[in-house]
Amino acid sequence: LAKTTQPISMDSYEGQEVNITCSHNNIATNDYITWYQQFPSQGPRFIIQGYKTKVTNEVASLFIPADRKSSTLSLPRVSLSDTAVYYCLVGLRGRDDKIIFGKGTRLHILP
Amino acid sequence: SQTIHQWPATLVQPVGSPLSLECTVEGTSNPNLYWYRQAAGRGLQLLFYSVGIGQISSEVPQNLSASRPQDRQFILSSKKLLLSDSGFYLCAWSTGGNTGELFFGEGSRLTVL
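These lines cover the structure that appears in this document, whether it is placed above or below. (Residues numbered from 1 in each chain as written. Chains lettered and ligands numbered in written order. Predicted model: local features only at pLDDT ≥ 70, side-chain atom pairs only at ≥ 80, totals over all residues. Heavy atoms only, no water.)

**Details of the layout of surface pockets**
Part 1: Here the largest pocket defines a volume of roughly 610 Å³.
Part 2: Arg106 of chain A together with Gln38, Gly41, Arg42 and Gly43 of chain B are, among the 28 residues lining the largest pocket, the residues nearest its centre.
Part 3: For the lining of the largest pocket, the secondary-structure elements that each account for two or more residues are strand E8 (84-90) and strand E9 (105-110) of chain A together with strand E4 (32-38) and strand E5 (44-52) of chain B.
Part 4: Split into classes, the residues belonging to the lining of the largest pocket amount to 12 nonpolar, 11 polar and 5 charged. (1 Å grid on protein atoms, 1.4 Å probe; cavity = no way out; pocket = protein on both sides within 12 Å on 5 of 7 lines; lining within 4 Å. Points joined across faces, edges and corners; volume = space filled by probe spheres on them. Helix = DSSP H or I, 4+ residues; strand = E, 2+ residues; numbered from the N terminus. Nonpolar A, V, L, I, M, F, W, Y, C, P; charged D, E, K, R; others polar.)

What follows is the structure in C-alpha cells.
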C-alpha cells in the first residue's frame, strides 16, 4: 500500500475553493487514488476516485499530475456543511484486500 | 440496491463485560467486510476484515474477535471489555479489487465504564 501524506488541518471560508493535496511518492502502476469524506459520528463517504489527469463529479474534482506522485482534491465554493475530515487513499489493496485509512485532513469552513 | 446495517447504535457496558456487535449487508453477494474503530478525535483503525465466510484477518486487538458465520453477516465480539475499547465502531463492505468503493454502516458507539 502506498503511504500518503496530507495536511493535518485546513481552514477556509464559505464560498471559497478549497484544494487539499495528498502526497503518495511510492504509488504503484495499478494504484487508484480515492478520497473519502467523514462527518462526526458517521462513517466515511466516497467522494471521488481517479487514476490520472482529471476527474470531476457533482461534488468535487480530482487533479492528478503526470507522475501521479500527488493528487489534489478540489472542492468548489465550499459551505459550512463541507466541514469534515477528508481522507486520501492510494493503493491496490493486494491479495488480502486490506484497506487502511491515514489520519486525514480536518477541514474547517468558517462563515 | 445494497444496504448495510449494524446494531446496536449505542452501548454502555462495564469493564469486563462481553460485547457483541452485528453487521449485515443486503443486496450483494460475497462482499469484503471490515470492522473499524475510531476513538474520540482519532483516525480510523482497521480491526478485522474478511474476504469470505469463515475467513477473518486480524489487524490489532487481542481482546476482540470477529466472525463471519454467513456471507453477509459480520460479528464483532469480546469476552471481557477494557476501558480502551470505548469508541465508535464502524462496519463496512466493499466489492473488492483496486477500485471497489467502501460503504459504511451507521456506526455503533460503545462506552466502557
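**What about the sheet that holds strand E5 (residues 53-56) of chain A?**
Residues and elements named next belong to chain A.
Part 1: In space, the 4 strands of this open sheet follow the order E2-E7-E6-E5, with antiparallel pairing throughout. For this open sheet the edge positions go to strand E2 (18-23) and E5, each flanked by a neighbour on one side alone. Direction aside, the axes of adjacent strands within the sheet are offset by 15° on average.
Part 2: Sheet analysis places strand E6 (residues 61-64) next to strand E7 (residues 70-75), joined by 3 bridges and oriented antiparallel. Bridge pairing links Phe63 to Thr72 in E7. (Pairing = 2+ DSSP bridges. Axes fitted to C-alpha atoms, helices over the stretch in contact; angles between N-to-C directions.)

**Some words on the sheet that holds strand E1 (residues 3-7) of chain B**
Residue and element names in this part refer to chain B.
Part 1: If you walk across this open sheet you meet the 4 strands as E1-E3-E8-E7, and the pairing is antiparallel. Each end of this open sheet is capped by a strand with a single partner; those strands are E1 and strand E7 (64-70). Going from strand to strand, the sheet's axes swing by 15° on average, the running direction of each strand aside.
Part 2: By the bridge criterion, 5 bridges tie E1 to strand E3 (residues 19-26) in an arrangement that is antiparallel. Directly across from Trp7, in E3, lies its bridge partner Glu22.

**Some words on the interface of chain B and chain A**
Part 1: Between chain B and chain A, the residue contacts involve 25 residues of the former and 20 residues of the latter.
Part 2: Where chain B abuts chain A, roughly 1800 Å² becomes buried across the two surfaces, and 50% of that area is made up of carbon and sulfur atoms.
Part 3: The interface formed by chain B and chain A contains 0 salt bridges.
Part 4: At the junction of chain B and chain A, the tally comes to 4 residue pairs in polar contact (both at pLDDT 80 or more).
Part 5: Of all the secondary structure elements, the ones that give two or more residues to the side of chain B that touches chain A are E4, E5, strand E9 (87-94) and strand E10 (102-104) of chain B. (Contact = heavy atoms within 4.5 Å. Buried area = accessible area lost by both parts, 1.4 Å probe. Salt bridge = Lys/Arg side-chain N within 4 Å of Asp/Glu carboxyl O. Polar contact = N/O pair within 3.5 Å; in protein donor to acceptor, adjacent residues only side chain to side chain.)

**A few points about the state of the cysteines**
Residues and elements named next belong to chain A.
Part 1: One pass over the full model with this rule turns up 2 disulfides over all chains.
Part 2: Disulfide pairing is shown between Cys22 and Cys88; the S-S distance is 2.2 Å. An S-S torsion of about -80° defines the bridge between Cys22 and Cys88 as left-handed. Linking Cys22 in strand E2 with Cys88 in strand E8, this pair joins segments that are 66 residues apart in sequence.
Part 3: Relative accessible area serves as the criterion here: at 1%, Cys88 is assigned to the buried category. (Disulfide = S-S within 2.5 Å. Buried < 20%, exposed > 50% of the residue type's maximum accessible area, 1.4 Å probe, protein only.)

**Some details on the side chain of Gln37 of chain A**
All names here are of chain A.
Part 1: Structurally, Gln37 can be placed in strand E3 (residues 33-38).
Part 2: A distance of 2.6 Å separates polar atoms of two side chains, one belonging to Gln37 and the other to Arg45.
Part 3: Side chain to side chain, Gln37 and Tyr86 meet in a polar contact 2.9 Å long.
Part 4: The residues touching Gln37, leaving out its near neighbours within four places in the chain, are Gly43, Pro44, Arg45, Ile47, Asp82, Ala84, Val85 and Tyr86.

**Let's talk about the packing of aromatic side chains**
Part 1: Under the defined criterion, the tally for this structure stands at 11 aromatic pairs over all chains.
Part 2: For the pair Tyr34 of chain B and Tyr49 of chain B, a centre-to-centre distance of 6.3 Å together with 20° between the ring planes defines the contact as stacked. Taken as a pair, Tyr34 of chain B in strand E4 and Tyr49 of chain B in strand E5 lie far apart in primary sequence, 15 residues in all.
Part 3: Assessed through its relative accessible area of 0%, Tyr34 of chain B is described here as buried.
Part 4: Given the relative accessible area of 4%, Tyr49 of chain B is considered buried.
Part 5: Ring pairs connect the aromatic residues Tyr36, Phe46, Tyr87 and Phe101 of chain A together with Tyr34, Tyr36, Tyr49 and Phe104 of chain B, which therefore count as one cluster.
Part 6: Across the ring face of Tyr51 of chain A, the terminal group of Arg68 of chain A is positioned such that the distance to the ring centre comes to 4.0 Å. (Phe/Tyr/Trp six-rings, centres within 6.5 Å; stacked < 30°, edge-to-face > 60°. Lys NZ or Arg CZ within 6 Å of the ring centre and 35° of its normal.)

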